[in-house]
There are 2 protein chains.
Amino acid sequence: MTERSTGAPLPRGLRQAWGLDTTAGRPGPKAMLSLAGIAASAIALADAEGAEALSLGRIAERLGVTTNALYRYVDSRDDLDVIVHDHALGAPPRIPDGADWVEAAAAWCRALRDRYARHPWLSDMRVRIPFAPHSLAWLEDLLERLEGSGLGDRERLQAAGLLDGYVRTRAGAARDLLRADAGTPDAGEVIERIGPDLFAARVPRVASLISAGLYRTPHEVAEEDFEFGLDRILSGLRRLAGG
Amino acid sequence: MTERSTGAPLPRGLRQAWGLDTTAGRPGPKAMLSLAGIAASAIALADAEGAEALSLGRIAERLGVTTNALYRYVDSRDDLDVIVHDHALGAPPRIPDGADWVEAAAAWCRALRDRYARHPWLSDMRVRIPFAPHSLAWLEDLLERLEGSGLGDRERLQAAGLLDGYVRTRAGAARDLLRADAGTPDAGEVIERIGPDLFAARVPRVASLISAGLYRTPHEVAEEDFEFGLDRILSGLRRLAGG
DNA sequence: ACCTGAACACCGTTCAAGT
DNA sequence: ACCTGAACACCGTTCAAGT
């Protein structure tokens, strides 16, 4: 038992996620809820209605409980967001045997993309420095995959940030396209409203790409875009590694 | 005057940003505010207190006006966000003469990074498909820089998305580090709270990188990280272009 | 120790005036 | 056409009970 240094304590939800809050055998009434249950309920809500629908009240309603009850499990809305994000992300997949480091890294990227595809609202959550267990496990896993690359410590960390950022960016773009399928703003319609002539005069290259249909991106094309960027990055990394 | 097709009209703020709302010479009292003034006020507020401080009420307060007055200039909070984002981004820089396409693209990326550095809270704003004039002008500008590359239409658009996403990701990371300098969560402290042994057992590679000080990122190191990823991407693109 | 109920400050949005 | 003032539903958060 080492002395605790001064400073802010870990938020309740994060502490629980790391398995530090051994709630077993404590006095008083036993809990009606669990952090995992709260997270699952929040995820179901977000899956159904998107990130904007997430609120303490809506989650509590689903659980048949008062809003304030959630504060027994979580310190704040912010704390809750971290937990929900981490639960929706889930544990990273196992590393495939026998793949070289480039293929292993590519598999990591596709796996992360798939998680985002399953929960598109993840792209709407504020990005944070990851300290939740699953988030860190993903990073750990990617670092492991990069160990065969011959890149240095620093370079592996940089490469991990590059790949992770790439996947998240693409996931956000894919989410936007999903959203465009439903209701909101269609490129062609917006241009119509702005005025095609004004639009073409101001941003001719963008206008011509749109009218060539290159802005319209069905699912398989988004897949190609994803692989395009991934290939560029991995090609750049392989070259650096002297492959 | 062509017939308007059915569908949602352009939000008021966006229409104004494109110069479509010729407010001159209309009946009734003249406006006390302007969209540009509202945006400037919002930017000053966010610069001072961050994205969380942004609200219609706080902006109106700075302008000496009621919250509801803003609805004469903007359709919704969402509409306002688009305008604020676009104003903070500003117009893209001119293309440097004589640079080859790789250097021109790199200059674009650095310029965008600098805009984000000036307004770090931009990284906290929801990412959207860009339809505001400055946002589109940046895209137009990058597409122009890529014209000398020999890449095809589709590839140029993909490359633009890749580079743009990269810069935004890095800007978000840089913002997190800024935030870590002030108050919030320090890596070492969080590990201390989780328990260094548990942490090292679960994510050994991350733990060793942190204890090696590679997580600590002063300003010049962030700069190196930025150039690292940029080099990888541009190297991958050059190779594709057959350079 | 858990959960409820009441209260607070704040948020975006609407509607009916006033000028 | 602009701006105000009142009202609404909703949000996160706190505090004092109850069990």
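Every value quoted in this text rests on a predicted model; they were computed, and no experiment measured them. (Residues numbered from 1 in each chain as written. Chains lettered and ligands numbered in written order. Predicted model: local features only at pLDDT ≥ 70, side-chain atom pairs only at ≥ 80, totals over all residues. Heavy atoms only, no water.)

So, on to the interface of chain A and chain B. Each side of the interface is counted separately: chain A has 68 residues, and chain B has 67 residues. With both chains or domains summed, chain A and chain B bury close to 6,400 Å², and 62% of this area falls on carbon and sulfur atoms. Three residues, W18, R193 and R205 of chain A, lead the burial of chain A against chain B; their summed loss comes to 12% of the area buried on that side. The interface formed by chain A and chain B holds twelve salt bridges in total. Between E147 of chain A and R205 of chain B there is a salt bridge; the shortest N-O distance is 2.9 Å. Where chain A touches chain B, the interface holds 17 residue pairs in polar contact (both at pLDDT 80 or more). (Contact = heavy atoms within 4.5 Å. Buried area = accessible area lost by both parts, 1.4 Å probe. Salt bridge = Lys/Arg side-chain N within 4 Å of Asp/Glu carboxyl O. Polar contact = N/O pair within 3.5 Å; in protein donor to acceptor, adjacent residues only side chain to side chain.)

Here we come to the relation of the copies chain A and chain B. The transformation that overlays chain A on chain B combines an axial shift of 0.0 Å with a rotation of 180 degrees, and the residual RMSD is 0.0 Å. What we have between these two chains is a two-fold relation. In this assembly the copies share their binding face: 99% of the residues contributing to the interface of chain A also contribute to that of chain B. (Least-squares fit on C-alpha atoms with pLDDT ≥ 70 in both.)

All right, on to the protein's contact with DNA strand D then. Taken together, 22 residues lie around DNA strand D, and R77 of chain A together with P29, M32, T66 and N68 of chain B are the ones closest in. Near the protein, within 4 Å, the atoms of DNA strand D are sugar or phosphate in 65% of cases. Within the contact set of DNA strand D, a phosphate oxygen lies 2.5 Å away from a side-chain nitrogen or oxygen of R77 of chain A. Of all the elements, helix 3 (residues 56-63) of chain A adds the most residues to the surface near DNA strand D, at three residues. Grouping the constituent residues of the surface near DNA strand D by class yields ten nonpolar, eight polar and four charged. (Near = heavy atom within 4 Å. Helix = DSSP H or I, 4+ residues; strand = E, 2+ residues; numbered from the N terminus. Nonpolar A, V, L, I, M, F, W, Y, C, P; charged D, E, K, R; others polar.)

Once that is clear, we can look at the domain arrangement of chain A. Residue and element names in this part refer to chain A. According to the domain assignment, chain A consists of domain 1 (12-89) and domain 2 (101-240). Contacts between the two partners involve 18 residues from domain 1 and, on the opposite side, 19 residues from domain 2. Our count for the contact surface shared by domain 1 and domain 2 stands at two salt bridges. Here R128 and D78 are joined by a salt bridge, their closest N and O atoms 3.0 Å apart. Seen at the junction of domain 1 and domain 2, the total is seven residue pairs in polar contact (both at pLDDT 80 or more). When contributions to the side of domain 1 that touches domain 2 are tallied by element, the ones reaching two or more residues are helix 1 (12-17), helix 2 (35-49) and helix 4 (77-89). Examining the composition of the side of domain 1 that touches domain 2, we find that nine residues originate from one element, helix 4, more than from any other. Class assignment for the residues of the side of domain 1 that touches domain 2 results in ten nonpolar, three polar and five charged. (Domains from an automatic or database assignment.)

With that settled, consider the packing of helix 5 (residues 101-118) of chain B against helix 11 (residues 219-241) of chain B. All names here are of chain B. One can describe the packing of helix 5 onto helix 11 by two numbers: an axis separation of 11 Å at closest approach and a directional angle of 145 degrees. Once helix 5 is placed against helix 11, the crossing between them reads as right-handed. Side by side, helix 5 and helix 11 meet where W101, V102, A105, A106, C109, R110 and R113 of the first sit next to E223, F226, E227, L230, L234, L237, R238 and A241 of the second. Within the contact of helix 5 with helix 11, the residues separate by chemical class into ten nonpolar, no polar and five charged. (Axes fitted to C-alpha atoms, helices over the stretch in contact; angles between N-to-C directions. Left-handed = near helix turned anticlockwise from the far one by under 90°.)

For an α-helix, 3.6 residues make a turn, and residues three or four places apart therefore share a direction. All names here are of chain A. Taking 1.5 Å of rise per residue, the 15 residues of helix 2 would be expected to cover 21 Å, and the 21 Å separating its terminal C-alpha atoms lies within 8% of that figure. For helix 2, the full list of buried residues reads L35, I38, A39, S41, A42, I43, L45 and A46. Next to the buried residues of helix 2 lie helix 1, helix 3 and helix 4. Two residues or fewer past helix 2, G50 is found with a positive phi of approximately 90 degrees. (Expected span 1.5 Å × (residues − 1). Buried < 20%, exposed > 50% of the residue type's maximum accessible area, 1.4 Å probe, protein only.)

Attention now goes to the UniProt feature "DNA-binding region" (unreviewed entry) in chain A. Listed under "DNA-binding region" (unreviewed entry) in the UniProt record, and renumbered for this structure, are residues 55-74 of chain A. Between the C-alpha atoms that bound residues 55-74 of chain A the distance is 13 Å, and the span itself is 40% helix and 0% strand. (UniProt positions renumbered as here; feature names shortened; annotations may be inferred.)

A separate point is the protein's contact with DNA strand C. Residues in close proximity to DNA strand C total 22 residues, the closest being M32, T66, N68 and Y73 of chain A together with R77 of chain B. Here DNA strand C approaches the protein such that, of its atoms within 4 Å, sugar and phosphate make up 64%. With respect to DNA strand C, the side chain of S55 of chain B contributes an N or O atom lying 3.0 Å from a phosphate oxygen. Contact distances for DNA strand C include 3.1 Å between a base oxygen and a side-chain N or O atom of N68 of chain B. Looking at the surface near DNA strand C, the element that brings in the most residues is helix 3 (residues 56-63) of chain B, giving three residues.

Residues and elements named next belong to chain B. Turning to its location among the elements, L234 is positioned in helix 11. Expressed as a C-alpha distance, the spacing of L234 and A159, which sit 75 residues apart in the sequence, is 9.2 Å. Sequence-distant contacts of L234, defined by excluding residues within four places in its chain, comprise V102, A105, A106 and L163.

Residue and element names in this part refer to chain B. Looking at the secondary structure, you find S135 in helix 6 (residues 133-145). According to the relative accessible area criterion, S135 is buried, its value standing at 12%. Engagement of the side chain of S135 in a polar contact is seen with the side chain of D86, the distance being 2.7 Å. Excluding its chain neighbours within four sequence positions, the residues that come into contact with S135 are H85, D86, L89 and P130.

All names here are of chain B. Mapped onto the elements of the fold, E103 is located in helix 5. C-alpha of E103 to C-alpha of R145: the two residues are 42 residues apart in sequence and 9.1 Å apart in space. Here the side chain of E103 touches R110 through a polar contact of 3.3 Å, side chain to side chain.

Mapped onto the secondary structure, D141 of chain B falls in helix 6. Those residues in contact with D141 of chain B, other than ones at most four positions away along the chain, are P92, P93, R94, I95 and W108 of chain B.

It is worth spelling out the pattern of salt bridges at this point. Residue and element names in this part refer to chain A. By the definition in use, this model includes 48 salt bridges over all chains. In this structure, the salt-bridge partner of D124 is R175, at a minimum N-O distance of 2.1 Å. Within this pair, whereas D124 is found in the loop between helix 5 (101-118) and helix 6 (133-145), its partner R175 is found in helix 7 (residues 153-181), the two being separated by 51 residues in sequence. Residue D124 shares its accessibility class with R175, and that shared class is buried.

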